[in-house]
Amino acid sequence: MREAEQQVAFPRPGRGVKALLVVYVAIALVGALLFNYGGHGGAAVLAALACIPALVVHHPWSVLTAGLLTSPRDFTSIIITAVAIYFLAPDLERRWGMWRFFRFYALSIIAGFGLALVLAKIAPGDSQVFHPGAMFGPAAALTALAVAWGRENASAQIRLYFLLPISGRMLVWITLGFCALGLFFPATLTEGVVAPFGGFVAGLLLAGSPSPLREIYLRVKLAVLRRRSGPIHIEGIRPQKRRPGAPPLRVVTGGLDEDLEKRQPPKDKRFLN
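Residues numbered from 1 in each chain as written. Predicted model: local features only at pLDDT ≥ 70, side-chain atom pairs only at ≥ 80, totals over all residues. Heavy atoms only, no water.

Turning to the overall build of the chain, a few remarks are in order. If you tally the helices and strands in the chain, you get eleven helices and two strands. Scanning the chain from its N terminus toward the C terminus, one meets helices and strands in the order α-α-α-α-α-α-α-β-β-α-α-α-α. The buried share among the 273 residues of the chain stands at 33%. The long-range share in the chain, meaning contacts at least 24 apart out of those at least 6 apart in sequence, stands at 67%. A total accessible area of about 18,900 Å² is found for the chain, and carbon and sulfur atoms account for 65% of it. (Helix = DSSP H or I, 4+ residues; strand = E, 2+ residues; numbered from the N terminus. Buried < 20%, exposed > 50% of the residue type's maximum accessible area, 1.4 Å probe, protein only. Contact = heavy atoms within 4.5 Å. Areas by Shrake-Rupley, 256 points an atom, 1.4 Å probe, with all protein chains shown as cover.)

Below, the structure written as structure tokens:
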């Protein structure tokens, strides 16, 4: 009965998730007003925040701010974004803490649009699929959230679209499937078809305790520290050279067992117990 109550219970967002939702709603409302009623000035403001490959050198902040924009043409974009953040993000913030959650979210956006910019630079041809004019939207971050939640809750169960029960592990594969569907329907993604794949990779590398990326960093750091420290020498003891082919370990006689063997038993046996 308790497990059923946990499945239908609504999550309790922390301060970080609440702040993120407020930012998205505020930017969505202001962006809609600027786009629909601000004329050329409003469009210029949105263009400065969106990730445009031709202008990203002059607007480097757009690699991050583009992920905070939603479609100003309809309200379904902000609703879907808010619902996804509300149901997926609270568990991650509770596990990681607010600042790690913010870093994860920001790096997911940067990874998504960064991968899209790299492919736009090296991909041949002039197709709008790999050479978009402008990119904006939270698809990369939402994809990373779904992957991270699935990895952190591999055996837990949620209801996809409030109907279909799936496990966290299955959610990761379903998320990858949605990324692949974007390749067939590119017009539905204002972020471009590549950004969600960048978010997927970010979710795989940055989720977990420790995350795979941090585990690699710790292993490299440990190897560097071992190389810098060198062999350990104890003062007063000269290290002995091993002959070629000798095993790395040797048996040193002595210790407690040898002391007990040499010890004479007491004359009065009463003290043995």
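Relative orientation of the contacting elements helix α6 (residues 98-122) and helix α9 (residues 195-206) amounts to 140 degrees, with a least axis distance of 7 Å. By the angle between their directions, the pair α6 and α9 is classed as oblique. For α6 against α9, the interelement crossing comes out right-handed. Between α6, through R100, F104, L107, S108, A111, G112, F113, L115 and A116, and α9, the contact on the second element is made entirely by A195, F197, G198, G199, A202, G203 and L206. Within the contact of α6 with α9, the residues separate by chemical class into ten nonpolar, five polar and one charged. (Axes fitted to C-alpha atoms, helices over the stretch in contact; angles between N-to-C directions. Parallel < 35°, antiparallel > 145°, perpendicular 65-115°, else oblique. Left-handed = near helix turned anticlockwise from the far one by under 90°. Nonpolar A, V, L, I, M, F, W, Y, C, P; charged D, E, K, R; others polar.)

By the element assignment, H131 lies in the loop between α6 and α7 (139-152). Distance from H131 to A120, taken between C-alpha atoms, is 4.9 Å for residues eleven residues apart in sequence. Discounting residues that sit within four places of it in the chain, H131 has contacts with A120, A123, P124, G125 and D126. Polar side-chain contacts of H131 include one of 3.0 Å to the backbone oxygen of A120. Polar side-chain contacts of H131 include one of 3.0 Å to the backbone oxygen of A123. (Polar contact = N/O pair within 3.5 Å; in protein donor to acceptor, adjacent residues only side chain to side chain.)

What follows covers the nonpolar core. Counting 41 residues, the largest nonpolar core has I85, F101, F104, Y105, F113 and L145 as the members making the most contacts within it. Sorting the residues of this core by element identifies α2 (15-37), α5 (76-96), α6, α7 and α9 as the ones contributing at least two each. Ranked by the residues each element gives to this core, the list is headed by α7, at eight residues. (Core = buried A, V, L, I, M, F, W, Y, C linked by side-chain atoms within 4.5 Å.)

You can see E191 is positioned in the loop between α8 (168-184) and α9. Residue class for E191 comes out buried when judged on its relative accessible area of 6%. For the pair E191 and T70, spaced 121 residues apart in sequence, the C-alpha separation works out to 9.7 Å. Beyond its immediate chain neighbours, meaning those up to four positions away, E191 contacts F113, M135, F136, G137, P138 and A139.

What follows is about the environment of L189. Locating L189 in the fold gives a position in the loop between α8 and α9. Taking relative accessible area as the criterion, L189 reaches 22% and is therefore assigned partly exposed. Separated by 53 residues in the primary sequence, L189 and F136 place their C-alpha atoms 8.9 Å from one another. When neighbours within four sequence positions are excluded, L189 is seen to be in contact with G182 and P196.

For the rest of this paragraph, the subject is the side chain of N153. Among the structural elements, N153 can be located in the loop between α7 and β1 (157-160). Note on N153: relative accessible area 10%, which makes it buried. Every residue in contact with N153, bar those within four places of it in the chain, is listed here: D91, R95, G168 and R169.

This part is about the pattern of salt bridges. Scanning the entire structure with this criterion turns up four salt bridges. Its salt-bridge partner being D91, residue R95 comes within 2.9 Å of it at the nearest N-O pair. Here R95 pairs with D91, and both are found in helix α5, just four residues apart, close to one helical turn. Here E215 and R219 are joined by a salt bridge, their closest N and O atoms 3.4 Å apart. Taken together, the positions of E215 and R219, both in helix α10 (residues 212-229) and four residues apart, correspond to about one turn of that helix. For R219, a relative accessible area of 59% puts it in the exposed group. Among the ionic contacts, a cluster of salt bridges with common partners joins D91, R94, R95 and E152. (Salt bridge = Lys/Arg side-chain N within 4 Å of Asp/Glu carboxyl O.)

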